[in-house]
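Given next are the chains, with one letter for each unit.
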Amino acid sequence: DPVQASYVAINATQRLMESFTGRTKTVLCREITGCDFSSKLSMAKYFFSGRFLNCFTLAEKWAPEAIKSASEGLEQDQIDEQGMPISCASEVVKNMGGNDEEVIMASGFAGGLGLSGNACGALSAAIWMNSLRWLKNHDAKSSYTNPLATNTLKTFNEQTECEISCKKITGSCFNSIKDHAEFIKYGGCKRLMTVLAESSV
């Protein structure tokens, strides 16, 4: 059931975000690693200092909690609202030609990842879709430097003046799936979603 699956995807992402921030107190990579990955010097210091091992330790310790949180989210069997919940992420994937399964899979990115107001869900969805396309056309190659994702981020930064926080871009905190769906339904972030959907061209 695509309606049920979309609600469950958002709910599971909410649980994951809560679990992760409970352990790390932040979801920002730069705050966790102390590294600016756009700087080659900062990246070199990060790796040569051995600080990258902290991420492996974090992944190892958080994995059981992540699985538990995601499972709890996926076990949701009650839907409070009716109808397919539209979101920034699902609309971008749909407009990029994504199939029904891909639209549902991206639903959890809604409202800055599980409605948390963090990194833009529409941006996450566009990068994900462009990375999928890149990998399908470039077998066995890493998508780390693919030009589609690079162009997506460049387009996004031009539209938002390099602001990545959903909360700051929209000026809103979404308290429910319905709040976010209504924001999108009535034109919220329409221009940004349109240019992101076109970013692979």
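In this text the structure is predicted, and so the values were computed from the model without any measurement.

Student: Could you give an account of the overall build of the protein chain, naming the residues involved and the relevant values?
Tutor: Helix and strand counts for the protein chain come out as 11 helices and 0 strands. In terms of principal-axis extent, the alpha carbons of the protein chain reach across some 50 × 40 × 35 Å. Put simply, the protein chain has 201 residues, and 39% of those count as buried. The long-range fraction of contacts in the protein chain, counting pairs at least 24 apart against all pairs at least 6 apart in sequence, stands at 64%. Looking at the protein chain as shown, the accessible area adds up to about 11700 Å², and 55% of this sits on carbon and sulfur atoms. Charge centroids of the protein chain, computed over 20 positive and 22 negative side chains, lie 8 Å from each other.

Student: Go over the nonpolar core with me, naming the residues and quoting the values.
Tutor: Formed by 20 residues in total, the largest nonpolar core has its most connected members in Val92, Ala122 and Leu196. Going through the elements one at a time, α5 (88-95), α6 (100-106), α7 (121-137) and α11 (190-197) are the ones with two or more residues in this core. The next biggest cluster of nonpolar side chains, apart from the first, holds 7 residues, and it includes Tyr7, Ile10, Ala110 and Leu115.

Student: Quick one: what's the story with empty space enclosed by the protein, residue by residue and with numbers?
Tutor: Counted according to the given criterion, the structure contains 1 cavity of 30 Å³ or more. Put simply, the largest cavity is a space of about 70 Å³. Along the wall of the largest cavity there are 15 residues; nearest its centre are Cys88, Cys120, Cys166, Thr170 and Cys189. Those elements giving two or more residues to the lining of the largest cavity turn out to be α7, α9 (166-170), α10 (177-185) and α11.

Student: An account of the side chain of threonine 160 is needed here, citing residue identities and associated values.
Tutor: As for its placement among the helices and strands, threonine 160 is situated in helix α8 (residues 147-160). Judged by relative accessible area, which is 13%, threonine 160 ranks as buried. At 2.9 Å, the side chain of threonine 160 forms a polar contact with the backbone oxygen of glutamate 163. Excluding anything up to four places from it in sequence, threonine 160 contacts Ile169 and Leu192.

Student: Could you give me a rundown of the layout of surface pockets, with the residues and numbers involved?
Tutor: Space inside the largest pocket adds up to approximately 1300 Å³. Lining the largest pocket are 31 residues, and of these Cys29, Arg30, Phe37, Leu153 and Ile164 sit closest to its centre. Looking at the lining of the largest pocket, the elements with two or more residues in it are α2 (29-33), α7, α8 and α9. The class makeup of the residues in the lining of the largest pocket is 15 nonpolar, 11 polar and 5 charged.

Student: Tell me about the environment of glutamate 60, residues and numbers included.
Tutor: Counting through the fold element by element, glutamate 60 comes out in helix α4 (residues 52-74). You can call glutamate 60 exposed: its relative accessible area is 62%. A C-alpha to C-alpha distance of 31 Å links glutamate 60 and cysteine 88, two positions 28 residues apart in sequence.

Student: Lay out α11 in plain terms, naming residues and giving numbers.
Tutor: Residues of α11 that are buried: Leu192, Met193, Val195, Leu196 and Ala197. On its buried face, α11 sits against α5, α7, α8, α9 and α10.

Student: Any chance you could break down unusual backbone geometry for me, citing the residues and the numbers?
Tutor: With the exception of glycine, the majority of residues adopt a negative phi angle, and the majority of peptide bonds are in the trans configuration. Residue leucine 113 is not a glycine yet carries a positive backbone phi of 75°. In this fold, leucine 113 is placed in the loop between α6 and α7. Phi angles above zero are rare outside glycine, and leucine 115 is one such case at about 60°. Mapped onto the fold, leucine 115 is located in the loop between α6 and α7.

Student: Just give me the short version of the side chain of threonine 24, but keep the residues and values in it.
Tutor: Structurally, threonine 24 is set in helix α1 (residues 2-24). On the basis of relative accessibility, which here comes to 18%, the residue threonine 24 falls in the buried class. Polar contacts involving the side chain of threonine 24 include one to the main-chain carbonyl oxygen of threonine 26, which spans 2.4 Å. For threonine 24, the contacting residues outside a window of four places in its chain are Ile32 and Leu58.

Conventions and cut-offs
Residues numbered from 1 in each chain as written. Predicted model: local features only at pLDDT ≥ 70, side-chain atom pairs only at ≥ 80, totals over all residues. Heavy atoms only, no water. Helix = DSSP H or I, 4+ residues; strand = E, 2+ residues; numbered from the N terminus. Buried < 20%, exposed > 50% of the residue type's maximum accessible area, 1.4 Å probe, protein only. Contact = heavy atoms within 4.5 Å. Areas by Shrake-Rupley, 256 points an atom, 1.4 Å probe, with all protein chains shown as cover. Lys, Arg positive; Asp, Glu negative; His and termini not counted. Charge placed at Lys NZ, Arg CZ, Asp CG, Glu CD. Core = buried A, V, L, I, M, F, W, Y, C linked by side-chain atoms within 4.5 Å. 1 Å grid on protein atoms, 1.4 Å probe; cavity = no way out; pocket = protein on both sides within 12 Å on 5 of 7 lines; lining within 4 Å. Points joined across faces, edges and corners; volume = space filled by probe spheres on them. Polar contact = N/O pair within 3.5 Å; in protein donor to acceptor, adjacent residues only side chain to side chain. Nonpolar A, V, L, I, M, F, W, Y, C, P; charged D, E, K, R; others polar.

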